[in-house]
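# Understanding the architecture of this molecule
Listed here are the chains, written in short residue letters.
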Amino acid sequence: MPGSCSRRRTGGWIPAGLLLVALLAALAPPAAQAHAILVQADPPPGARLSLPPDRVRLWFSEPVEPTLTRVEVLDAERRRVDRGDLRADPQDPRRLEISLASLPPGLYTVVWQTVSRVDGHPARGFYTFAVGAGAIGPTSEGIQAGLPPIATAIRWLRSLALLLAFGLWTFHEGVLAPAGARVGPSAEPLFRLSRRMRLGGGGLVLGAAGLWAVGWASWTTQGLPPQVWGIALEQAGLRALITSGLALLATLPALHPRSAQLRRGEQAIVLLLFTGSLLSLSMEGHAAAGGDSLAVAADLLHRLGAGVWIGGLIGMSAALRVLQRLPPPERVAFLAEAVPRLSSRALLAVLGLAAGGIYRAAGEVGGLDRLGTTPYGRLLLLKSALFLAALVLAAWNRFWMRPRFGAASPAATAALPAFRALVGGEALLAAAIVALAAGLADLPPPRTLPGTVGEAAWILLGRPATDIRLQLTLTPARAPNRFDIEVRDPMGRPLPDLQRVILELTPLEAPVGTRRVVAQAEPDGRFYAVEPLTWPGLWRIRVIVRRQGREDVSSVFPLDLPGASSPREVDPEALEWLRRADARMNRLKSVRMREELNDGEGRAVWGEYEFQAPDRMRVQLEGGSAAILIGKTQYVREGGRWTALALAEPFRFPDFHYAESVEAAHVGPEEVLEGNPTRVIVARGRAGGLAFVFWIDRRDFRLHQVLMAGPGHLMAQRYFDFDAPLSVEPP
């Protein structure tokens, strides 16, 4: 008989399936960070080159799609000077390269546009560099190409279609079919309605997928050659086919006119098909961006819960209209079976929805203060408010309506209009929540914004000149880092002639050059910059202060980012450089040295040192403290008085032995340091987690500068006045 079915309970299968899917998602490989941004370039932004480069290399924060990427290098007249041979590195999908024609002196602009492989978001930007005496213009990196509002609407339709198709199936198998079996032949109109809704959900999935594929192809190919359109459409079609194809396969049982309820094995297959479809959505969005497989599992659990909830509401809302045509006894019998089942499944769905949503929100927001201060946070608050309103309606249905229908009494018919209104209102709120979720998918989550709270900020102090005090606050984040800079005089007052603050960021363990960034001024006279520090390992951060009518001055800070893989053995060439530097410095008769020490928490010590062979040193610390070491005697001045102390071991100078204290080292680039041609050597100490950078003169192996970074200990030393006349005497 059409519409007949054996009464089999499937309530245990849905939560078991949800658990199975969560475990499967937890095993999914982590994806790269979404929203590709430019993190490094060679030549770097703002560079002034003495020799023209033969190519431009770009590194992005995640793998990009080469076929949907455009890179052009333009001269000052906006003419292309690249050879048009853009290619991706087969070993590193984040790296692109394009060769250049012979460049005369002048200013050049690199314009780039690319698409993320993770979620398909486009990004574009530009930066400038100069060859010879060309002037440096404004630079910009990682400008996110905003998606049009229609993109959010289509994303909402695509997501809602998949959730609805899945939810209508769970409603049919877990609610309508068992309740219809209790009613008997009179439930045939309900079965026909369920079949039409499930087939309509499949058709909506297909239409939304096609619309999304065409829209995605058009958004990602703006500004690209016409021949790329077919490639983009093919890629979009493949994504849509994976997502919608699984959902369409899952809706095939609705084509059979006599299939009221599937067997348990068939239910498991359909559940896995829908799960794969929803998992593909989770792998396209922010959940996969952070490389956290638990985030993918939580997002999937969130989508599954939303599907069960929305499908149940819409399915019940439609069924209530058909139910009016049934005789009162059958109507009451149907409600007595359907409402408790719907209520139980809605409770499980809401728990899964809330658990996944809370985990995802905690990972994406990064801190409570980001809720009201970012577009993503504010939209999330609105979504949460609608969810709470829907929970109120759900609680009313659960605790007030369910007892009336579960009793199978005539009072159920009287309560039907109110129940219909409550279910319809809850369904509308659910659709609005899905729309807000689609909007969240198109916004950068706060965790990717600079200054993510919850991570300790580095507070570094510098003294680039005797009349300047500088404070650099670096707030680490998973994406662009924020640099806050304050420049004052020794009394804490703003500098009246301050013109500009410039950052130079150099990864010393990656051959990608220096990135030069002009900090932006804030209304209170402070400065800030937002730039990514993506490469692990040692960085040199130089803060340059430019004043009107004066030479630039700067402070240098080392920074050791975790994640660097040090070589197992010392590079023989690097070790030879260090040995020669030790030998040359150990022949000195005298030298002066300026040292800056930071602990990363806003405490610093600045000292001026004078060394005289064979056993003398004088140091003057900022603040008035001073010391003199001569052999086994140390003289200390505090409060204007000198005190003599005996040393256990005599002081010796020179005593350089860096080559003996490192366990790993490699040769870095050549640099001109204050007119001196140097070779950079990067090394790791044998103990204490210390990292060193040495600038060794290429002519005579004198050591000009040493940077050291360790736990709570950052040091910058600058050597000068080699073998200059000086005399260190007792006070």
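Whatever comes next refers back to the structure up there.
A brief structural summary. These numbers were taken from a predicted model, which means no experiment stands behind them.

Here we take up the overall build of the protein chain. When its secondary structure is counted, the protein chain shows ten helices and 28 strands. For the protein chain, buried positions account for 53% of its 731 residues. Summarising the internal contacts of the protein chain: among those between residues at least 6 apart in sequence, 65% fall at separations of at least 24. Accessible surface computed for the protein chain: about 31500 Å², of which carbon and sulfur atoms make up 60%.

Take the environment of L100 next. Mapping L100 onto the fold places it in the loop between β6 (92–99) and β7 (106–115). Each C-alpha atom of the pair L100 and E72 lies 9.9 Å from the other, and the pair is 28 residues apart in sequence. Those residues in contact with L100, other than ones at most four positions away along the chain, are P53, D54, R55, V56, V73, V81, D82 and R83.

If you look at the biggest cluster of nonpolar residues, it comprises 58 residues, and the most contacted ones within it are F166, L190, F274, W309, M316 and F334. Ranked by residues supplied to this core, first place goes to helix α2 (residues 149–183) with 15 residues. Core analysis: the second largest hydrophobic core is formed by 40 residues, L460, V556, V682 and A691 among them.

A few words now on helix α6 (residues 293–323). End to end, α6 covers 44 Å across 31 residues, agreeing with the expected 45 Å (1.5 Å per residue, within 8%). For α6, the buried fraction is high: 25 of the 31 residues fall into the buried class.

Each turn of an α-helix holds 3.6 residues, which means side chains three or four residues apart point in the same direction. Taking 1.5 Å of rise per residue, 19 residues should cover 27 Å, and helix α5 (residues 264–282) covers 26 Å from first to last C-alpha, within 8% of that figure. By the burial criterion, the buried members of α5 are Q267, V270, L271, F274, T275, S277, L278, S280, L281 and S282.

Read across the open sheet, the five strands follow the order β9-β10-β11-β15-β14; overall the sheet is antiparallel. A strand with exactly one partner marks an edge of an open sheet, and here the two such strands are β9 (458–465) and β14 (520–521). Bridge count for β9 against strand β10 (residues 468–475) is six bridges, and the pairing is antiparallel. Within β10, the residue paired with I459 across the bridge is T473.

Applying the stated criterion across every chain yields a total of 42 salt bridges. Linking D700 and R702 is a salt bridge whose minimum nitrogen-to-oxygen distance equals 2.9 Å. Note on R702: relative accessible area 18%, which makes it buried. Counted as one network, the salt bridges with shared partners bring together D54, R55, D85, R87, R95 and E97.

On the basis of which strands lie adjacent, the open sheet formed by eleven strands has the order β23-β22-β21-β20-β19-β18-β28-β27-β26-β25-β24 and antiparallel pairing. Looking at strand neighbours, the two that pair on one side only are β23 (641–646) and β24 (662–673), the edges of this open sheet. On average, adjacent strands in this sheet sit at an angle of 15 degrees to one another, irrespective of strand direction. Where strand β27 (residues 703–710) meets strand β28 (residues 713–720), six bridges bridge the pair, whose relative direction is antiparallel.

Taken N-terminus to C-terminus, the directions of α5 and α6 make an angle of 125 degrees; their axes are 9 Å apart at the nearest point. With respect to their mutual orientation, α5 and α6 come out oblique. As for how α5 packs across α6, the hand of that crossing is right-handed. Contact with α5, carried on its side by T275, L278, L279, L281 and S282, involves V296, D299, L300, R303 and L304 of α6 and no other residues of that element.

Tracing the chain through its elements places N676 in strand β25 (residues 676–685). In this structure, N676 is in contact with E671, D697, R699, H704 and R718, ignoring residues within four places of it in sequence.

As a further point, take unusual backbone geometry. Put simply, A613 and P614 share a cis peptide bond, and its omega is 5 degrees. Inspection of the secondary structure assignment puts P614 in the loop between β19 (604–612) and β20 (616–621). For the peptide bond that leads from F653 to P654, omega is 0 degrees, which places it in the cis range. Here P654 lies in the loop between β23 and β24. Non-glycine residue F701 carries a positive phi angle of around 70 degrees. Note that F701 resides in the loop between β26 (691–697) and β27. Positive phi, close to 55 degrees, is recorded for D723, a residue that is not glycine. Look at D723 and you get partly exposed, because its relative accessible area is 37%.

Conventions used here
Residues numbered from 1 in each chain as written. Predicted model: local features only at pLDDT ≥ 70, side-chain atom pairs only at ≥ 80, totals over all residues. Heavy atoms only, no water. Helix = DSSP H or I, 4+ residues; strand = E, 2+ residues; numbered from the N terminus. Buried < 20%, exposed > 50% of the residue type's maximum accessible area, 1.4 Å probe, protein only. Contact = heavy atoms within 4.5 Å. Areas by Shrake-Rupley, 256 points an atom, 1.4 Å probe, with all protein chains shown as cover. Core = buried A, V, L, I, M, F, W, Y, C linked by side-chain atoms within 4.5 Å. Expected span 1.5 Å × (residues − 1). Pairing = 2+ DSSP bridges. Salt bridge = Lys/Arg side-chain N within 4 Å of Asp/Glu carboxyl O. Axes fitted to C-alpha atoms, helices over the stretch in contact; angles between N-to-C directions. Parallel < 35°, antiparallel > 145°, perpendicular 65-115°, else oblique. Left-handed = near helix turned anticlockwise from the far one by under 90°.

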